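Structure at a glance
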Amino acid sequence: MVEKKTIGHRLINILFAVILIILAMSCLLPLLYNLAVSLSSKAAAEAGLVSFWPVGFTLTAYKEIMGEKSFFVSFWVAVKRVFYALLTTLPILTLAAYPLAKSKQEFKPRNIILWIFVFCMLFSGGTIPWYMVMKSYKLMNSAFGLAVCGGVPVFNLILMVNFFQGIPKELEEAAMVDGAGPWYILLKVIVPLSKPVIATVALFTIVGHWNEFFQGLVLSTGEQYYPLQTYIKQLIFQLDTSQMTAEQIKQASMMSNTTLNAAKIFISMVPVLCIYPFLQKYFVTGITLGGVKE
């Protein structure tokens, strides 16, 4: 009987492993396909001959993108935007979530403030008022303006509030008995225990600001102020053969919009792919503990 159960458990584990491998491949294969297309020749890409391996290997698409000075300028703007977003978002959310995680008896206006946040998440003032506010505060053409133009990410706030509520009250009570004040408790007790949710919010912030392009388009008056995704979105490959050498014309003829767009997409994914493995170990814990409230 025990042997049958052991065989059954092994079969179930094998089945789960196969399912997980299929799911993992479903996420990996589009990435590999995109990379293969970006490294393939124009004829192969246009004819649909590329699967998961480059056909007619060429780096022409990447040379075209990285040969542009504005590409690196936009890349740096995007990096600064993400940095400023982390620098402002994480402290603000932590300071807002800590009192909102208290009970109504401990913090009386808790419910009112929380509902104001939720209302602002569901209803916005519109694009034109938002644009006028950003312009009046002189936050146009600014990486810092792009970092703060979205306001407080309420979903991340709720996630952090729920996580703080899951921290045992006895820890705060013990700190208060030892004479600790609210600031000391927050910085020395709550924050060190909240690494999973902080890492999760940081990941959401990085991905959200890195991939966003519309705000950069509206709040920037020139290409030199574009973040990377806005630059990639607006990049139009135009051939001017009168200003090109024979070698440049030959290289350009090897590239199509299909390969160029694939190269753009892959380049924009690389930074996030590099950052995610370092935050992955906190991600599941932060979502599970911060997303469910008893």
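What comes next is a walk through the structure. (Residues numbered from 1 in each chain as written. Predicted model: local features only at pLDDT ≥ 70, side-chain atom pairs only at ≥ 80, totals over all residues. Heavy atoms only, no water.)

1. A word on helix α10 (residues 182-193)
- With twelve residues, α10 extends 15 Å from end C-alpha to end C-alpha; this agrees with the ideal 16 Å at 1.5 Å per step.
- Among the residues of α10, Ile185, Leu186, Val189 and Ile190 are the ones counted as buried. One side of α10 holds all its buried residues, which, seen down the axis, span an arc of 125°. Among the exposed residues of α10, those pointing more than 90 degrees away from its buried face are Trp183, Leu187 and Lys188.
- Looking at the buried side of α10, the elements it contacts are α4 (69-100), α8 (154-165) and α9 (169-177). (Helix = DSSP H or I, 4+ residues; strand = E, 2+ residues; numbered from the N terminus. Expected span 1.5 Å × (residues − 1). Buried < 20%, exposed > 50% of the residue type's maximum accessible area, 1.4 Å probe, protein only. Arc of directions from axis to C-beta. Contact = heavy atoms within 4.5 Å.)

2. Some points on unusual backbone geometry
- A positive phi angle, near 55°, is found at Lys138, a position not held by glycine.
- Examined against the element boundaries, Lys138 turns out to sit in the loop between α6 (127-136) and α7 (143-148).
- With phi around 55°, Asn141 is a residue other than glycine that occupies positive phi space.
- Assignment of secondary structure puts Asn141 in the loop between α6 and α7.
- Given the relative accessible area of 25%, Asn141 is considered partly exposed.

3. Some details on the packing of aromatic side chains
- Scanning the model with the defined rule gives nine aromatic pairs in all.
- Seen from their ring centres, Phe119 and Phe123 are 5.0 Å apart, and the 40° between their planes marks the pair as tilted.
- Where Phe155 meets Phe204, the ring centres are 6.2 Å apart and the plane angle is 50°; that geometry is what we call tilted. Taken together, the residues span a long stretch of sequence, with Phe155 in helix α8 and Phe204 in helix α11 (residues 195-211) at a distance of 49 residues. (Phe/Tyr/Trp six-rings, centres within 6.5 Å; stacked < 30°, edge-to-face > 60°.)

4. Section: the packing of α10 against α11
- Closest axis-to-axis distance for the α10/α11 pair is 5 Å, and the angle between their directions is 70°. Between α10 and α11, the crossing angle belongs to the class labelled roughly perpendicular. Of the residues in α11, those in contact with Val191, Pro192 and Leu193 of α10 are Lys195, Pro196 and Ile198. (Axes fitted to C-alpha atoms, helices over the stretch in contact; angles between N-to-C directions. Parallel < 35°, antiparallel > 145°, perpendicular 65-115°, else oblique.)

5. Considering the pattern of salt bridges
- What the rule picks out here adds up to two salt bridges.
- Residue Glu212 pairs with Arg81 through a salt bridge whose shortest N-O separation is 3.1 Å. Pair noted here: Glu212 is in the loop between α11 and α12 (214-218) and Arg81 is in helix α4, with a separation of 131 residues, a long-range link. Each member of the pair, Glu212 as well as Arg81, carries the same accessibility label: buried.
- Lys102 serves as the salt-bridge partner of Glu172, at 2.5 Å between the closest nitrogen and oxygen. Taken together, the residues span a long stretch of sequence, with Glu172 in helix α9 and Lys102 in the loop between α4 and α5 (110-122) at a distance of 70 residues. For the pair Glu172 and Lys102, a shared accessibility class is recorded, and that class is buried. (Salt bridge = Lys/Arg side-chain N within 4 Å of Asp/Glu carboxyl O.)

6. Structural notes on the nonpolar core
- In this structure, Leu157, Met160, Phe164, Ile185 and Ile190 are the most contacted members of the largest nonpolar core, which totals 24 residues.
- Among the elements of the structure, α4, α8, α10 and α11 are those that each provide at least two residues to this core.
- Within the second largest apolar cluster, 18 residues are counted, among which are Ala78, Ile232, Phe266 and Ile267. (Core = buried A, V, L, I, M, F, W, Y, C linked by side-chain atoms within 4.5 Å.)

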